[in-house]
Number of protein chains: 2
Amino acid sequence: VSAGEDAVVRRIAGILGRASGPAPAGSVWIGDDAAVVEAPPGRLVLAADAAVAGVHADLELVGLDDLGWKALTATLSDVAAVGGRPLQALVTLCLPPGTDIDLLSTGLAEASARWGCPVVGGDVTTSSEVTVAVAATGVLDGPAPPVLRSGASPGDRIVVTGPLGGSAAGLRLLRRGAADGHGRARGEADRALVEAHRRPVARLAEGRSARHAGVAAMMDVSDGLALDLHRLAEASGVGVRLDSVPVAPGATEEEALGGGEDFELVIATAHPDRLAESFTAAGLRAPIPIGWCTADPAERTLSDRPLGRQGWEHRV
Amino acid sequence: VSAGEDAVVRRIAGILGRASGPAPAGSVWIGDDAAVVEAPPGRLVLAADAAVAGVHADLELVGLDDLGWKALTATLSDVAAVGGRPLQALVTLCLPPGTDIDLLSTGLAEASARWGCPVVGGDVTTSSEVTVAVAATGVLDGPAPPVLRSGASPGDRIVVTGPLGGSAAGLRLLRRGAADGHGRARGEADRALVEAHRRPVARLAEGRSARHAGVAAMMDVSDGLALDLHRLAEASGVGVRLDSVPVAPGATEEEALGGGEDFELVIATAHPDRLAESFTAAGLRAPIPIGWCTADPAERTLSDRPLGRQGWEHRV
């Protein structure tokens, strides 16, 4: 059923408001020209990301709720990647007539509740394809600096916060299931991979814990570990020598290297023991060592073989 | 020439950086997972808007630079509409392969320089149509509350910050020019209308001045004066009785009422003299009275005739 913008905004605001609760006194959330919130003390983190149907999600295989979840989660993963804590999100929806607003809003609301980040405003506009553009604010608690891509030094240990390739493997299973004529993957391991694709996790606690542990450099693995490590190495002026890469059960090494959208964090640190202690103290999974930063800025190897630039890079 | 995301971001960052200058010490702008800036004291204003090719701009008639200008300006107009001062913008570009990145970035850079609002981050992704989604931060200087749509009371004077309909008239001229086979409007008045369409102005000084003058309610005229006044009246629970509407030279009254995208501010205030003095003191054009808020919440009239809901409302 076609609906006007004002009615659509009220409907979305209702669904999001049930997830986030009401605005605190003195704050203005959805419904006016702009939102007004309390500014955090110190430094403000600002991140933006978008999910485009047909590019970031195949709506034959996943739902509009999954697209909404992914757009918000990917943006908050960028906040995590500098060690920030998310505060608010703005969501701009570009929608073809007939889009299932409720389903899309439900996925956004689920991610908003999961990550404790209210959607306080945004915009709704007509478009020929579904695009969800998210911007998020965050705060850097405490005095530690943000963790950038450029801080790694030769000798730093490289670790990741979890095994990789799950999202790409889940997409492969969904495609195969669709080709086989049944839309659902079978078995527990398969379900975990599909879940990794449909509902990725932002490593917010890990990012903050790593920052407080004084790590040197950090990124989220959004486009593929290999490509993202190339970027970290280029920004830091170091080489990368990997021993091994943790592969999610059921995924391939190629999916772990180039699949992207796992949103695990890759971290370089001179003090891996301190990082491991910090994760343990916070009840987090132990960081997984995968290699070292080296002094030769041209070095990119995995088990002494050249490490390619596998990953997803948008082309314009 | 097709280019990868990293090269595209570097190119955009170069063009935007020439407009904004370098990031201040301690701030992180374009190039990492997220931007980090100094948080303002007090309250933070957050606004988002988007410009979609084919919806918000006809790229047969205006340039990609105009689309970029409009996307940033429309977002900052929302910051103006609550009385805020813009601080930073995030720009998410969804682009088909082959998009003229330089032209689009130039329009964004021109608006960024004009409004003193650096673009500190964002995202670039592939898409089937050009979409520019902008999010902006701002600050409310001083103790005055934000000016919302909902604050008007019966008896308040309604004023606008300038004549209306210029953008719609400019679009009409561009369409006629294209139909006539010459792409350019002729004559000074025509050029002013086309400029109003291509390069709208965010009334930032007016919004701040109005807030400090203690006005009751405020909105920007983005979708059409009639529709936007209906929204203000509904949010405030008041009626609206208009005497007249200032029409931009060369525009029609219908364009002034329903054209939208003029981005003038419409203001309700119990103290129009104080507002006028505040504008004069700030060197701004005098506010133009157009009517009154009334006690009958169902009243919507212009010169005693019913005022329709003319304007642009996206349908989904």
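Above this note sits the structure.
Here is a short report on the structure shown in this document.

Conventions used here
- Residues numbered from 1 in each chain as written.
- Chains lettered and ligands numbered in written order.
- Predicted model: local features only at pLDDT ≥ 70, side-chain atom pairs only at ≥ 80, totals over all residues.
- Heavy atoms only, no water.
- Helix = DSSP H or I, 4+ residues; strand = E, 2+ residues; numbered from the N terminus.
- Rg over C-alpha atoms; globule rule 2.2 N^0.38 Å.
- Buried < 20%, exposed > 50% of the residue type's maximum accessible area, 1.4 Å probe, protein only.
- Contact = heavy atoms within 4.5 Å.
- Lys, Arg positive; Asp, Glu negative; His and termini not counted.
- Charge placed at Lys NZ, Arg CZ, Asp CG, Glu CD.
- Buried area = accessible area lost by both parts, 1.4 Å probe.
- Salt bridge = Lys/Arg side-chain N within 4 Å of Asp/Glu carboxyl O.
- Nonpolar A, V, L, I, M, F, W, Y, C, P; charged D, E, K, R; others polar.
- Pairing = 2+ DSSP bridges.
- Arc of directions from axis to C-beta.

## A word on the overall build of chain A
When helices and strands are tallied, chain A shows 9 helices and 12 strands. In terms of overall size, chain A behaves like a compact globule, its C-alpha atoms giving a radius of gyration of 20 Å where 316 residues would be expected to give roughly 20 Å. For the C-alpha atoms alone, the extent of chain A along its principal axes is close to 60 × 55 × 40 Å. Scored against the burial criterion, the 316 residues of chain A give a buried share of 61%. Intrachain contacts of chain A at a sequence separation of at least 6 include 87% that bridge at least 24 residues. If the 28 positive side-chain charges of chain A are averaged to one point and the 40 negative ones to another, these points end up 3 Å apart.

## Concerning the interface of chain A and chain B
Contacts between the two partners involve 73 residues from chain A, matched on the other side by 73 residues from chain B. Of the roughly 5,500 Å² buried at the junction of chain A and chain B (both faces included), carbon and sulfur atoms supply 54%. Put simply, A:R149 and B:D32 hold a salt bridge, and the shortest N to O gap is 4.0 Å. Only α1 (5-20), β1 (35-38), β2 (43-52), β3 (85-95), β4 (119-126), β5 (131-139) and β7 (217-220) of chain A provide two or more residues apiece to the side of chain A that touches chain B. With 9 residues, the single largest contributor to the side of chain A that touches chain B is β2(A). Of the residues assigned to the side of chain A that touches chain B, the class counts are 38 nonpolar, 18 polar and 17 charged. Pairing between β2(A) and strand β1 (residues 35-38) of chain B: 4 bridges, direction antiparallel. Paired with A:V45 across the strands is B:V36, a residue of β1(B).

## Section: the pairing of strand β5 (residues 131-139) of chain B
All names here are of chain B. In terms of burial, β5 is largely enclosed, as 9 of its 9 residues are buried. By the alternation rule, side chains of β5 split into T131, A133, A135, T137 and V139 and V132, V134, A136 and G138, which are all buried. Looking at chain direction, strand β2 (residues 43-52) and β5 are connected through 9 bridges and run antiparallel. When the sheet's bridge partners are listed, V45 is paired in β5 with G138. Across 9 bridges, the pairing between strand β3 (residues 85-95) and β5 is antiparallel. Pairing of A89 across the sheet is with A136, part of β5.

## Quick word on the pattern of salt bridges
Summed over all chains, the structure comprises 43 salt bridges over all chains. Where A:K70 meets A:E261, a salt bridge forms, and the shortest distance between an N and an O atom there is 2.5 Å. A residue pair is termed long-range when its members are at least 10 positions apart, and A:K70 in helix α2 (residues 64-80) and A:E261 in the loop between α8 (253-258) and β9 (265-269) qualify at 191 residues. When the shortest N-O distance is used, the salt bridge between B:D66 and B:R198 registers 2.9 Å. Taken as a pair, B:D66 in helix α2 (residues 64-80) and B:R198 in helix α5 (residues 188-198) lie far apart in primary sequence, 132 residues in all. For B:D66, a relative accessible area of 4% gives the class buried.

## Some words on α5(B)
Residues and elements named next belong to chain B. Within α5, burial applies to L193, V194 and H197. The buried residues of α5 occupy an angular sector of 95° when projected down its axis, which confines them to one face. The inward-facing, buried residues of α5 contact α2 and α4 (166-180).

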